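One-letter residues, chain by chain:
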Amino acid sequence: MGKPNPLMMRTGLKLLDVHSEEAAIIGDRMDTDIVAGIESGLDTVLVLSGVTSREDCLKFPYRPRLILNGVGDIAAAE
């Protein structure tokens, strides 16, 4: 089992004792990380420091809530 399997995400939330409304997934792949977040009801943050570019995002029918250049920008984001 792996991303984007929602069971994996729900299990992680349960282990952390966190509700999906209080959590976010931060990842660099639209097809795994962002899909996993959307399917699990998590807030989604795409970082452009990995696999997916800003232009690649336009190829997908869904969008992350935030797009950041890298994890270093997380603290300054909402």
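Preceding this section is the structure that the text describes.
Only a predicted model underlies this, so the values are computations on that prediction, with no experimental measurement involved.

**Student:** How should helix α1 (residues 6-16) be read in this particular structure?
**Tutor:** Spacing of three or four residues puts side chains on the same side of an α-helix, whose turn is 3.6 residues. Between the side-chain oxygen of the N-cap and the backbone nitrogen of Leu-7 there are 2.7 Å, and the N-cap of α1 in question is Asn-5. Asp-17, located one to two residues past α1, shows a positive phi value of around 55 degrees.

**Student:** I tried to follow a nonpolar patch on the surface on my own but got confused; where do I start?
**Tutor:** On the surface, Ile-26, Val-71 and Ile-74 cluster together into a nonpolar patch covering about 240 Å² of accessible area. Summarising the element assignment, Ile-26 is placed in strand β1 (residues 24-27).

**Student:** Explain the environment of Leu-7 to me, please; I cannot follow it from the model alone.
**Tutor:** Within the element layout of this structure, Leu-7 appears in helix α1. For Leu-7 and Ser-49, which are 42 residues apart along the polypeptide, the C-alpha to C-alpha distance reads 27 Å.

**Student:** Is there a simple way to explain the nonpolar core in this structure?
**Tutor:** One recurring pattern in soluble globular proteins is that nonpolar side chains are buried together. Met-9, Leu-13, Ala-23, Ile-25, Ala-36 and Leu-42 form the largest nonpolar core, which has six residues in total. Non-local contacts of Ile-25, meaning those with residues more than four positions away in its chain, are made with Met-9, Asp-33, Ala-36, Gly-37, Leu-42, Asp-43, Thr-44 and Val-45. Among the nonpolar cores identified, the runner-up in size contains five residues, and Met-30, Ile-34, Leu-46 and Leu-48 belong to it.

**Student:** Teacher, can you tell me more about helix α2 (residues 30-40) here?
**Tutor:** Counting buried residues in α2 gives eight out of eleven residues, a clear majority hidden from the surface. Turning to α2, its buried residues number three or more, namely Met-30, Thr-32, Asp-33, Ile-34, Val-35, Ala-36, Gly-37 and Ser-40. For α2, the secondary structure elements touched by its buried residues are α1, β1, β2 (43-47) and α3 (54-57). Gly-41 lies just past α2 and shows a positive phi near 75 degrees.

**Student:** Help me understand the sheet that holds β1 in this model?
**Tutor:** The strands that make up a sheet pair up through hydrogen bonds in the backbone, lying either parallel or antiparallel. On the basis of which strands lie adjacent, the open sheet formed by three strands has the order β1-β2-β3 and parallel pairing. The two strands at the open ends of the sheet, each matched to only one other strand, are β1 and β3 (66-68). Going from strand to strand, the sheet's axes swing by 20 degrees on average, the running direction of each strand aside. Pairing of β2 with β3 involves three bridges; the strand directions are parallel. Paired with Val-45 across the bridge in β3 is Leu-66. Against the sheet, α2 makes contact with β1 and β2, and its axis sits at roughly 160 degrees relative to β2, the strand it touches most.

Thresholds applied
- Residues numbered from 1 in each chain as written.
- Predicted model: local features only at pLDDT ≥ 70, side-chain atom pairs only at ≥ 80, totals over all residues.
- Heavy atoms only, no water.
- Polar contact = N/O pair within 3.5 Å; in protein donor to acceptor, adjacent residues only side chain to side chain.
- Helix = DSSP H or I, 4+ residues; strand = E, 2+ residues; numbered from the N terminus.
- Patch = residues over 30% accessible without salt bridge, like charges linked within 9 Å, V, L, I, M, F, W, Y side chains within 5 Å.
- Areas by Shrake-Rupley, 256 points an atom, 1.4 Å probe, with all protein chains shown as cover.
- Salt bridge = Lys/Arg side-chain N within 4 Å of Asp/Glu carboxyl O.
- Core = buried A, V, L, I, M, F, W, Y, C linked by side-chain atoms within 4.5 Å.
- Buried < 20%, exposed > 50% of the residue type's maximum accessible area, 1.4 Å probe, protein only.
- Contact = heavy atoms within 4.5 Å.
- Pairing = 2+ DSSP bridges.
- Axes fitted to C-alpha atoms, helices over the stretch in contact; angles between N-to-C directions.

Worth remembering: the numbers are spatial, not functional.
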